[in-house]
Amino acid sequence: MRKNTIFVGLDVHKNSIDVALADAGRDGDVWFYGSISGDLASLHKVVRKLQSTGGAGLRLVYEAGPCGYDIYRSLTKMGLDCIVAAPSKIPRKSGDRIKNDRRDALNLARLHRAGELTAVYVPTTDDEAMRDLTRGREDAVKAHRVARQVLLAFLLRHGYRYSGLSYWSKAHWGWIADIKMPHRAQQIALQEYVHAVHEQLERVQRLTRQIQELVAQWRLAPLVNALQALRGVSLIVAATTVAELGDLTRFDSAKQLMAYLGLIPSEHSSGETVKRGGITKTGNGHVRRTLTEAAHTYCHPARESRVLLARLEGLPQEVRQIAWKAQIRLCGRFKRLMARGKNRNTVITATARELAAFMWAIARAILPAPEEWVRSNSDL
C-alpha cells in the first residue's frame, strides 16, 4: 500500500458532511478535517484539495442512510475508491457513551483503514428506479389496508357489525351502501372513509399496471419472468425481489442469500450450551415479507394450475424443472412439519427460507456467469 493513501470518513447529513482523515498504516495519524456543506460541489472541492496535497490514493466511506447513493455515484464516476458502509455492521464499543458527528467521521476513517467495514450493495440507477416503484406500491398497499381498518373501526364504534361471510366483497359493499347514519355529519364522515378506501385501491392498481409495463423494458426482465415459474411468486413478488436484491448470482451460495434476508435462526451458544432462537431478521425486510406471503401457497398439494402454466410458457426447461422440484419439496415439507406439531408461522418461515434458495438456483440457470454479466453491462 502506498504511503500517500488516505482513508476518508464522511459523516453525511442533509445539510452538512463531517470529514475525517486517516493515514495508511496501523500507527498512522487520524484527524478531523472539518465540516463542509452537504452539497456535492463542496465535497468535490475537498477531494480535489486532498488530491493536490499528495493524497492521490483516496479511499472514501460513508454510512448508508436517507441521503441515498448520489455521493457514491459521483465519487466513483471521478475514478475514486468509495464504499457505502452498512450501519448495522459497524463495530461499536459497548462502553462508549459519547456520540457526535465528529466522532462518527473519525470512527469511519479508522475502521475503513482497518478493513472492519461491510459495504452494502449499491444498485444501478435503473434498478433503483424499479425499487422505488415497487416500494411505492408497497406503501400504497399499506395505506389501503389502513383505510379499510379505519372504516371498519368507524362502523364498529357506531354499532354496525357485518354478519356476512367475507369483508370487502360485493355483498359487503352493498351492506355499507345501505347504512344510514343518524346524523348528517356522521354520514359525510362515513362517505369520506368509503372514498378513501376506493382511492387507495385505485392507487394500488395504477402502480401495479406501471410495474407490469416497465418490467418488460428492464434489463433484469428475464430473471423476473423466470422467478414467476415458482408457485406463489407472482409478478409483484418477483419484481420486488429482483429490484431489492439485483442480480441474485452475486451471492456465492444459497445459504448466503438466506442469511442476507435474515431468514436463518439466531444463535447464542457458549461451551456445551447450544441455544438457537427466532430468525435474525437482518438484511432486506421488503423481500423477507414478500417471500413469507408467497410461502403460504405451499400449504396445498403440489400442482400446476392454469395460472402457473400460463407463467411457465416460454421458459427454459431447466427453470421449469427447478420450479417443479421446489413444489414437490416445499409442499411435502410444509405438510410434514405441520404434522409434527410445528407452529404454522415457523413452518411458513422455513418455507420462505428454502424458497429463497430455489430463487437463487433459477437465477444461476437464467443469468450468465457473474464475470460475463459485469462485462456485458459495463456501460450501464
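Described in the following lines is the structure provided in the data block. (Residues numbered from 1 in each chain as written. Predicted model: local features only at pLDDT ≥ 70, side-chain atom pairs only at ≥ 80, totals over all residues. Heavy atoms only, no water.)

Re the sheet that holds strand β3 (residues 30-37)
- Pairing is mixed in the open sheet, where five strands are placed in the order β3-β2-β1-β4-β5. Strand pairing shows two members of the sheet lacking a second neighbour, β3 and β5 (81-85), which therefore form its edges. Averaged over all pairs of adjacent strands, the angle between strand axes in this sheet comes to 20 degrees, irrespective of strand direction.
- Two strands pair when backbone bridges link them, and strand β1 (residues 5-12) and strand β2 (residues 16-23) are joined in this way by seven bridges, in the antiparallel orientation. The partner of D11 across the bridge, within β2, is D18.
- Where helix α2 (residues 70-77) meets the sheet, its contacts fall on β1, β2, β4 (57-63) and β5, and the angle it forms with β5 comes to roughly 165 degrees.
- Packed onto the sheet, helix α3 (residues 101-114) meets β1, β2, β3, β4 and β5 and runs at close to 145 degrees relative to β1. (Pairing = 2+ DSSP bridges. Helix = DSSP H or I, 4+ residues; strand = E, 2+ residues; numbered from the N terminus. Axes fitted to C-alpha atoms, helices over the stretch in contact; angles between N-to-C directions. Contact = heavy atoms within 4.5 Å.)

Re the environment of A254
- Inspection of the secondary structure assignment puts A254 in helix α9 (residues 254-260).
- For A254, a relative accessible area of 15% translates into the label buried.
- On a C-alpha basis, the gap between A254 and F358 in space is 8.0 Å, while along the polypeptide they are 104 residues apart.
- The contacts of A254, once residues within four sequence positions are left out, are A357 and W360. (Buried < 20%, exposed > 50% of the residue type's maximum accessible area, 1.4 Å probe, protein only.)

Section: the pattern of salt bridges
- Following the criterion strictly, the structure yields ten salt bridges and no others.
- For D127, the salt bridge goes to R219, with nearest N and O atoms at 2.6 Å. With D127 in helix α4 (residues 125-157) and R219 in the loop between α6 (184-215) and α7 (221-227), this pair connects stretches of sequence that are 92 residues apart.
- The class of D127 is buried, set by a relative accessible area of 0%.
- Close ionic contact of R333 with E354 constitutes a salt bridge, the shortest N to O distance being 3.1 Å. Remark: E354 occurs in helix α13 (residues 344-366) and R333 occurs in helix α12 (residues 317-339); sequence separation between them is 21 residues.
- The class of E354 is buried, set by a relative accessible area of 13%. (Salt bridge = Lys/Arg side-chain N within 4 Å of Asp/Glu carboxyl O.)

Here's the deal with helix α10 (residues 285-295)
- Residues G285, V287, R288, T290, L291, A294 and A295 constitute the buried set of α10.
- Tucked inside the fold, the buried residues of α10 contact α8 (235-245), β7 (276-279), α12 and α13.
- The N-cap residue of α10 is N284: its side-chain oxygen and the backbone nitrogen of H286 are 3.1 Å apart. (Polar contact = N/O pair within 3.5 Å; in protein donor to acceptor, adjacent residues only side chain to side chain.)

What about the environment of L155?
- Tracing the backbone through its elements, the reader meets L155 in helix α4.
- Note on L155: relative accessible area 1%, which makes it buried.
- Each residue touching L155, except ones within four places of it in the same chain, is listed here: Y160, W175, I176, I179 and L190.

Some words on the side chain of S74
- Following the sequence through the fold, S74 ends up in helix α2.
- Polar contacts involving the side chain of S74 include one to the side chain of H44, which spans 2.6 Å.
- What S74 contacts, discounting residues up to four positions off in sequence, is L40 and H44.

Notes on the state of the cysteines
- One pass over the full model with this rule turns up zero disulfides.
- Here C299 stays unpaired: no disulfide links it, and the sulfur of C331, its closest cysteine neighbor, is 8.3 Å away.
- You can call C299 partly exposed: its relative accessible area is 32%.
- Assessed through its relative accessible area of 8%, C331 is described here as buried. (Disulfide = S-S within 2.5 Å.)

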